[in-house]
Amino acid sequence: MKKNNGLGHIVHRFDNLYDGVKKEAERYGDKVRYYYYEGKEEKVFTYNDMKTRVDHIAAALTKLGLAGKFNCVTGDTHPNYVAAYIATASTNGVIIPMDKDISEEQFANFMQFCDTEVIFYTASQQKKMLSCREKLTLVKLFVCISAECDDFPADDERFMKFADFIEIGRKAYEEENIHSAEENVPDKDKMCAIIFTSGTTGTSKGVMLSQRNLVTATLDSNAIIDCKEDDMFVSVLPIHHTYEFTCSQLALPNAGASTMINDSIKNTLRNFAKYKPTALILVPLYVETIYKRIWSEIDKKGMRKTVRAAMKVSDALLKIGIDVRRKLFKDVHEALGGRLKYIVCGGAPLRPELVKDFDSFGINICEGYGITECSPLVSCNPMGWKKYHSVGLKVNSVHVRIDKVHEDDETGEIVVKGDNVMLGYYKNPKATVEVFTEDGWFKTGDIGRIDEDEFIFITGRKKNVIILSNGKNIFPEELEEYITASPLVAECVVVGRKNESGDETSIAAIVYPDYTQFEGKTPEQIKGEIDSLVADINKKLPQFKHIHEVEIREEEFEKNTTKKILRYKVK
């Protein structure tokens, strides 16, 4: 039986990014859109503030002759970051959100590649701007958009404090009636953003998105997740990533929610306690970290068996309509602020047993699937109906199909079509052609299947596949899931390694153990326990999937800012 993935709640429609900001201000006015910190001072930013800020940034760009240009925004999550993004798009410009952690050389190369003329940045990026400025000959203006920034070069007039920039915009808007964003009628199918892919394969392409793409993905996010005006979120993911920007910075305000911008990873639990989020948008690494911390606290009290027994009782009661989870697992809820109802999670697969445990605790995990080229949302498990291992049902505006190599194959490549799909790769027509089928569907590179209820299951990544000498295909993600299910393992990457003659490929597991589980153990003892773990896993697998080699790491794997392991660096 098929169920509707719409939940019946209201989804507020808007036409373009500025129309969204305008309608949000009309609906929510002086309601707080953001809580955030500058230095040690807590500040608030309302829905009206956002409209005013976008109006003034747009007017300033127009007044200074910089409307319609290629602008970059980089740094920490900040209300002005969002405003600069929307204002650029609302004056027919192209915004380029950049990862704050990339090197100075990479940053300068991207800026030159895109002919960037304005760079908006937060104070954490000031050193990078000063180091790069001689290379950035096309940049006409560097605008620091956070209050802490004060180290401005006296010999470079291109650097401007945000207070001075926004005053130009205020005067232009109020005294000269330069209402650029309000009066603009954007071409919704024109490129308005270039998002550089996270580069886990060692290369990064510029994904060209339009306002139609971003609005479509935002409304699809609103449709599948029942976010309300009284919801409170804590934002912890990097804002340059499309998942965070679309599903948090665009979708949550459209529903009237408030967001606390987490000021530091070390302050996350403190901010949970203070701001008491009702929901979170996370990637699996954060969920895994929370999960392991919960069980670590339970183990410290010697309560694992008791808690597991309570979970069984609670699950049984829930089946007959009695929900005692918040009372029974009060300590778990209090550690997360006491009000957390659900977590939206995407970016990589989640272990099903983790999702089940959170269900037992009374916290609903809605696992989804997206890719930057799809703005990014493709599918999500609805809040009221989920399947473990699945990334859910396709969202409203998307068409999904499975392209199989052979008709009788169980799986094939997931391909997507819809108004969320990118325009192409910037200055890279060859790569653009390669990722579209002849009939115009985007090839995600992910392998999966769709079941009888239209739930999507991802079984592996096409580019990660290990091809054995006998022609068998091994998707490393499957083996990694078995290994990381153990509390002994923090992280793992499975790779294929050729023998000396190059005619045979064997499967190797590179493991970063959870060293807190091995206190007092020697490296040899740690290796022995991981070897035993892998041997037990091999017993459950067909011969051709057996892991033949185990290598222990002493340090975490290198990751990008969305906490994905950089697989191309693992050999």
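Residues numbered from 1 in each chain as written. Predicted model: local features only at pLDDT ≥ 70, side-chain atom pairs only at ≥ 80, totals over all residues. Heavy atoms only, no water.

Undergrad: Pulling in residues and values, what's your account of the overall build of the protein chain?
TA: Along its length, the protein chain carries 18 helices and 26 strands. Against the 2.2 N^0.38 benchmark of 25 Å for 571 residues, the protein chain shows a C-alpha radius of gyration of 25 Å, consistent with a compact globule. The dimensions of the protein chain, computed from C-alpha atoms along their principal axes, are 75 × 60 × 55 Å. Residues classed as buried in the protein chain amount to 56% of the 571 residues present. Considering only residue pairs separated by 6 or more positions, the protein chain has 65% of its internal contacts joining residues 24 or more positions apart. Approximately 25500 Å² of the protein chain is accessible, and the part contributed by carbon and sulfur atoms is 50%. The distance from the centre of the 78 positive side-chain charges to the centre of the 87 negative ones in the protein chain is 3 Å. (Helix = DSSP H or I, 4+ residues; strand = E, 2+ residues; numbered from the N terminus. Rg over C-alpha atoms; globule rule 2.2 N^0.38 Å. Buried < 20%, exposed > 50% of the residue type's maximum accessible area, 1.4 Å probe, protein only. Contact = heavy atoms within 4.5 Å. Areas by Shrake-Rupley, 256 points an atom, 1.4 Å probe, with all protein chains shown as cover. Lys, Arg positive; Asp, Glu negative; His and termini not counted. Charge placed at Lys NZ, Arg CZ, Asp CG, Glu CD.)

Undergrad: Lay out the side chain of E117 with the relevant residues and their values.
TA: Inspection of the secondary structure puts E117 in the loop between α4 (104-113) and β5 (118-121). With a relative accessible area of 15%, E117 lands in the buried category. Every residue in contact with E117, bar those within four places of it in the chain, is listed here: L66, K69, F70, L138, V139, K140 and L141.

Undergrad: Account for the nonpolar core, naming residues and giving values.
TA: Of all hydrophobic cores here, the largest spans 114 residues; its most connected members are I57, Y85, F120, F165, V287, F358 and I365. A total of 8 residues in this core trace back to one element, the largest contributor, which is helix α3 (residues 79-89). Apart from residues no more than four positions distant in its own chain, F165 is found in contact with I57, A60, L61, L64, F120, L141, V143 and M160. Ranked by size, the runner-up nonpolar core spans 25 residues in total, among them Y121, F159, M191 and I194. (Core = buried A, V, L, I, M, F, W, Y, C linked by side-chain atoms within 4.5 Å.)

Undergrad: Quick rundown of the pairing of strand β18 (residues 412-418)? Include the residues and the values.
TA: For β18, the tally of buried residues reaches 5 of 7 residues, placing the bulk of the element in the interior. Inspection of the sheet shows strand β17 (residues 398-403) paired to β18 by 6 bridges, in the antiparallel sense. Residue I402 lies in a different strand from β18, and its bridge partner there is I414. Sheet analysis places β18 next to strand β20 (residues 442-450), joined by 4 bridges and oriented antiparallel. (Pairing = 2+ DSSP bridges.)

Undergrad: Kindly report on the pattern of salt bridges, identifying the contributing residues and their values.
TA: One pass over the structure, following the stated rule, counts 44 salt bridges. Across the pair K228 and D226 runs a salt bridge, and its minimum N-O distance is 2.7 Å. For E480, the salt bridge goes to R567, with nearest N and O atoms at 2.7 Å. Here the residue E480 occupies a position in helix α17 (residues 476-484), and R567 occupies one in the segment after β26 (549-552), the gap between them amounting to 87 residues. Salt bridges here are not isolated pairs; linked through shared partners, they connect R133, D155, D156 and R158. (Salt bridge = Lys/Arg side-chain N within 4 Å of Asp/Glu carboxyl O.)

Undergrad: Break down the packing of aromatic side chains for me, citing the residues and quoting the values.
TA: Taken as a whole and assessed by the stated rule, the structure comprises 19 aromatic pairs. Taken together, a centroid distance of 5.6 Å and an interplanar angle of 85° make the contact between F113 and Y426 edge-to-face. Of this pair, F113 sits in helix α4 while Y426 sits in the loop between β19 (424-425) and α16 (429-434), and the two are 313 residues apart along the sequence. When its relative accessible area of 33% is taken as the criterion, F113 is described as partly exposed. (Phe/Tyr/Trp six-rings, centres within 6.5 Å; stacked < 30°, edge-to-face > 60°.)

Undergrad: If you had to explain the sheet that holds β26 to someone new, which residues and values would you point to?
TA: Pairing is mixed across the open sheet formed by 3 strands, whose spatial order is β24-β25-β26. Each edge of the open sheet is held by one strand with a lone partner, namely β24 (489-498) and β26. On average, adjacent strands in this sheet sit at an angle of 25° to one another, irrespective of strand direction. Strand direction decides the pairing type here: strand β25 (residues 505-513) and β26, joined by 4 bridges, are parallel. Bridging across to β26, V511 finds its partner in I552. Running over the sheet, helix α18 (residues 523-539) touches β24, β25 and β26 and is turned about 145° from β26. (Axes fitted to C-alpha atoms, helices over the stretch in contact; angles between N-to-C directions.)

Undergrad: So, the packing of helix α1 (residues 17-28) against α3: which residues are in play, and what are the values?
TA: Put simply, α1 and α3 touch, their axes get as near as 8 Å, and they point 125° apart. Relative to α3, α1 is oriented oblique. Contacts from L17, Y18 and V21 in α1 reach Y85, I86 and A89 in α3. (Parallel < 35°, antiparallel > 145°, perpendicular 65-115°, else oblique.)

Undergrad: Quick one: what's the story with unusual backbone geometry, residue by residue and with numbers?
TA: Note: most residues except glycine have negative phi, and most peptide bonds are trans. The peptide bond linking S375 to P376 adopts the cis configuration, its omega dihedral lying at 0°. Relative to the elements of secondary structure, P376 occurs in the loop between β14 (364-370) and β15 (377-380). Even without being glycine, K427 reaches a positive phi, approximately 55°. Here K427 shows up in the loop between β19 and α16.

Undergrad: A description of the pairing of β20 should follow, citing residues and the corresponding values.
TA: When β20 meets strand β21 (residues 455-461), the two strands line up antiparallel, connected through 5 bridges. When the sheet's bridge partners are listed, D446 is paired in β21 with R461. Adjacent in sequence and paired antiparallel, β20 and β21 are bridged by 4 residues, among which E454 carries a positive phi angle near 75°.

Undergrad: Tell me about the environment of Y425, residues and numbers included.
TA: Within the secondary structure, Y425 is located in strand β19. Taking the C-alpha atoms as reference, Y425 lies 32 Å from F233; in sequence the two are 192 residues apart. Beyond its immediate sequence surroundings of up to four residues, Y425 is in contact with K205, G206, V207, M208, E373, A431, T432, V435 and F442.

Undergrad: I'd like a description of the confidence of the model for the protein chain, backed by residues and values.
TA: With 96% of its residues at a pLDDT of 70 or more, the protein chain has an overall mean of 92. Counting contacts from residues 1-6, a segment whose pLDDT is below 50, to residues more than four positions away or on other chains yields 15 contacts. (pLDDT = per-residue confidence, 0-100.)

Undergrad: So what about the packing of helix α11 (residues 284-300) against helix α15 (residues 352-361)? Which residues, and what values?
TA: Where α11 meets α15, the closest approach of the two axes is 11 Å, and the angle between their N-to-C directions is 60°. Relative to α15, α11 is oriented oblique. Seen along the crossing, α11 lies across α15 with a hand that is left-handed. For the pair α11 and α15, contact is made by V287, E288, I290, Y291, I294 and W295 and by E353, L354, D357, F358 and F361, respectively. Grouping the amino acids of the contact of α11 with α15 by side-chain chemistry returns 8 nonpolar, no polar and 3 charged. (Left-handed = near helix turned anticlockwise from the far one by under 90°. Nonpolar A, V, L, I, M, F, W, Y, C, P; charged D, E, K, R; others polar.)

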